[in-house]
Amino acid sequence: MQTIKVNIVTPDGPVSETEADMVIAATETGEIGILPGHIAMVAPLQIGALRLKKGSSTENVAVHGGFIEVRPDVVTVLAQHAEMASNIDIERAKRAAKRAEEALRAKTDKLEAQLVELDLKRAMNRIKVYEMK
Ligand code: ATP
């Protein structure tokens with residue numbers, strides 16, 4: 001069976017260089033499935049899960065925004081932060097979510113609230129991807 005190369009990169013360095021049968025990504029306009037030979041495209045990503053299907057198993061990655069570039073033989077994800085499910089510190093993510101929820105309840109200005117909402121989204125995404133294992 002044909003596979004597609006997958007590179008996930010952040011400013012801190014490569015997070016994963018692997019091969020998959022299929023990649024499922026949460027783009028800003030919805031979820032897309034990418035098989036080998038997919039037409040070239042670039043799309044912005046949501047804070048969400050990237051799923052790498054390999055045979056009967058799936059590797060899940062928490063991706064925090066950024067872009068996906070698809071070419072027929074390689075998928076590149078460029079994100080500010082990305083963590084493989086197995087590298088997620090679940091207790092840290094739960095603490096971050098709790099902190100963000102408490103901060104949202106406290107009186108903050110609109111800009112501060114938007115930043116805290118993003119903190120909460122990242123933490124909730126890490127929890128969701130960890131629980132997909
Ligand atoms: P925290 O408040 O726990 O530091 P944060 O949302 O501020 O979380 P980020 O700014 O999104 O963290 O990420 C900073 C760095 O820490 C990145 O390299 C990211 O991959 C890593 N990181 C953040 N939270 C976790 C986690 N729960 N498990 C593993 N790595 C994490």
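Nothing here was measured: the structure is a model prediction, and the numbers come from that model.

Student: I tried to follow the pattern of salt bridges on my own but got confused; where do I start?
Tutor: Side-chain pairs of opposite charge can arise where the charged atoms are in close proximity. Scanning the model with the defined rule gives six salt bridges in all. Its salt-bridge partner being Lys54, residue Glu59 comes within 2.8 Å of it at the nearest N-O pair.

Student: Looking at this structure, I do not really get the nonpolar core. What am I missing?
Tutor: Nonpolar side chains tend toward joint burial in soluble globular proteins. Of all hydrophobic cores here, the largest spans 20 residues; its most connected members are Val23, Leu50, Val61, Val63, Ile68, Val75 and Val77. Contributions of two or more residues to this core are made by β1 (4-10), β3 (22-27), β6 (47-54), β7 (57-64), β8 (67-71), β9 (74-78) and β10 (81-84). Top element by residues in this core is β1. It accounts for three residues. Leaving out residues up to four positions away in the same chain, Val23 has contacts with Ile4, Val6, Ile32, Gly33, Ile34, Leu50, Arg51, Leu52 and Val75. Ala96, Val116, Ala123 and Ile127 belong to the second largest nonpolar core, which has nine residues in total.

Student: In this structure, what is going on with the site of the ligand? I would like to understand it.
Tutor: Asp12, His81, Glu83, Asn87, Ile88, Asp89, Arg92, Ala93, Ala96, Arg99, Arg122 and Arg126 make up every residue found near the ligand. Asp89 is positioned such that a nitrogen or oxygen atom in its backbone is 2.8 Å from a nitrogen atom of the ligand. A distance of 3.0 Å separates an oxygen atom of the ligand from a polar side-chain atom of Arg126. For the ligand, whose free accessible area comes to 600 Å², the fraction covered by protein is 71%. If you tally residues by element for the shell around the ligand, the top one is helix α1 (residues 90-105), at four residues.

Student: Can you walk me through the sheet that holds strand β2 (residues 13-20) in this structure?
Tutor: What holds strands together in a sheet is hydrogen bonding between their backbones, with the strands either parallel or antiparallel. Taken in spatial order, the five strands line up as β2-β1-β9-β8-β5 in an open sheet, and their pairing is mixed. Two strands lie at the open edges of the sheet, namely β2 and β5 (41-44), each paired on one side alone. In this sheet, adjacent strand axes meet at a mean angle of 15° when their direction is disregarded. Looking at chain direction, β1 and β9 are connected through five bridges and run parallel. Bridge pairing links Lys5 to Val74 in β9.

Student: Could you clarify how one ought to interpret helix α2 (residues 110-131) in this entry?
Tutor: Because an α-helix packs 3.6 residues into every turn, residues spaced three or four apart end up facing the same way. A rise of 1.5 Å per residue sets the reference length of α2, with its 22 residues, at 32 Å; its end C-alpha atoms lie 31 Å apart and thus fit the reference within 8%. Considered for burial, the residues of α2 that qualify are Ala113, Val116, Leu120, Ala123, Asn125, Arg126, Ile127 and Val129. Looking at the buried side of α2, the elements it contacts are β6, β7, β10 and α1. N-cap assignment for α2: the residue whose side-chain oxygen lies 3.1 Å from the backbone N of Leu111 is Asp109.

Student: I keep staring at the domain arrangement of the protein chain and nothing clicks. Help me out?
Tutor: Partitioning the protein chain into structural domains gives domain 1 (4-85) and domain 2 (89-132). On a C-alpha basis, the centroid separation for the pair domain 1 and domain 2 is 23 Å. On the side of domain 2, nine residues touch domain 1, which itself brings 12 residues to the contact. The interface formed by domain 1 and domain 2 holds one salt bridge in total. The residue Glu83 makes a salt bridge to Arg126 at a minimum N-O spacing of 2.8 Å. Our enumeration of links across domain 1 and domain 2 arrives at four residue pairs in polar contact (both at pLDDT 80 or more). Among the secondary structure elements, those contributing two or more residues to the side of domain 1 that touches domain 2 are β6, β7 and β10. Looking at the side of domain 1 that touches domain 2, the element that brings in the most residues is β7, giving five residues. In the side of domain 1 that touches domain 2, the residues fall into six nonpolar, four polar and two charged.

Definitions and limits used
- Residues numbered from 1 in each chain as written.
- Predicted model: local features only at pLDDT ≥ 70, side-chain atom pairs only at ≥ 80, totals over all residues.
- Heavy atoms only, no water.
- Salt bridge = Lys/Arg side-chain N within 4 Å of Asp/Glu carboxyl O.
- Core = buried A, V, L, I, M, F, W, Y, C linked by side-chain atoms within 4.5 Å.
- Buried < 20%, exposed > 50% of the residue type's maximum accessible area, 1.4 Å probe, protein only.
- Helix = DSSP H or I, 4+ residues; strand = E, 2+ residues; numbered from the N terminus.
- Contact = heavy atoms within 4.5 Å.
- Near = heavy atom within 4 Å.
- Polar contact = N/O pair within 3.5 Å; in protein donor to acceptor, adjacent residues only side chain to side chain.
- Areas by Shrake-Rupley, 256 points an atom, 1.4 Å probe, with all protein chains shown as cover.
- Pairing = 2+ DSSP bridges.
- Axes fitted to C-alpha atoms, helices over the stretch in contact; angles between N-to-C directions.
- Expected span 1.5 Å × (residues − 1).
- Domains from an automatic or database assignment.
- Nonpolar A, V, L, I, M, F, W, Y, C, P; charged D, E, K, R; others polar.

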